[in-house]
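Now for the letters of each chain:
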Amino acid sequence: MCEELKAVSTEVNTLTGDTLTLSYNYNKISFGDYFYWYKQDPGKAPEFLISHSTSGVAGEAAVDGLKINVKTNQLQMIISSSFFITSDINF
C-alpha cells in the first residue's frame, strides 16, 4: 500500500508550448496500488484526469495530453502543452 506521496516541488512553472512534469516522491508502493489524478479549478469541483497502476500503465483517461511515468520512489505526470486550456490549474 502506498503510504505517502509528497510533491517534489510545491510550485511548477512552464512556458507556453512546453511540457510540464509534476513529480511526487513515495517511500513505498505495493503491487496492486492504483493512482487517480484530478485537477481542480478555483471554486469548482475536482475533475478526474487519469488513473494508472504502479507500473505506470494507464487505466482510464478522461483527457488527452497526459502521460504517466513511474520511477523508483517517484511518480510523474507529464502534461503536454495541448492539455492546457486555462492558465490557472491546481493539482
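What counts, and at which threshold
- Residues numbered from 1 in each chain as written.
- Predicted model: local features only at pLDDT ≥ 70, side-chain atom pairs only at ≥ 80, totals over all residues.
- Heavy atoms only, no water.
- Salt bridge = Lys/Arg side-chain N within 4 Å of Asp/Glu carboxyl O.
- Buried < 20%, exposed > 50% of the residue type's maximum accessible area, 1.4 Å probe, protein only.
- Phe/Tyr/Trp six-rings, centres within 6.5 Å; stacked < 30°, edge-to-face > 60°.
- Helix = DSSP H or I, 4+ residues; strand = E, 2+ residues; numbered from the N terminus.
- Contact = heavy atoms within 4.5 Å.

Caption draft 1: Local environment of the pattern of salt bridges. With the rule as written, the count across this model stands at one salt bridge. D41 is the salt-bridge partner of K39, the closest N and O atoms lying 3.5 Å from each other. You'll find K39 and D41 in the same group, each marked buried.

Caption draft 2: A look at the packing of aromatic side chains. Taken as a whole, this structure holds three aromatic pairs when the rule is applied. On the numbers, 5.4 Å between centres and 70° between planes, the contact of Y24 with W37 is edge-to-face. Residue Y24 is located in strand β2 (residues 20-26), and its partner W37 is located in strand β3 (residues 34-39); the two are separated by 13 residues in the primary sequence. Residue Y24 shares its accessibility class with W37, and that shared class is buried. Between Y34 and Y36, the ring centres sit 5.7 Å apart and the planes meet at 55°, which makes this aromatic pair tilted. Judged by relative accessible area, Y34 falls into the partly exposed class, the value being 36%.

Caption draft 3: Expanded view of the environment of T54. Following the sequence through the fold, T54 ends up in the loop between β4 (47-53) and β5 (58-61). Taking relative accessible area as the criterion, T54 reaches 16% and is therefore assigned buried. Taking the C-alpha atoms as reference points, T54 and S30, separated by 24 residues in sequence, lie 7.4 Å from one another. With residues near it in sequence (within four places) discarded, T54 still touches I29, S30, F31, G32, D33, F35 and V70.

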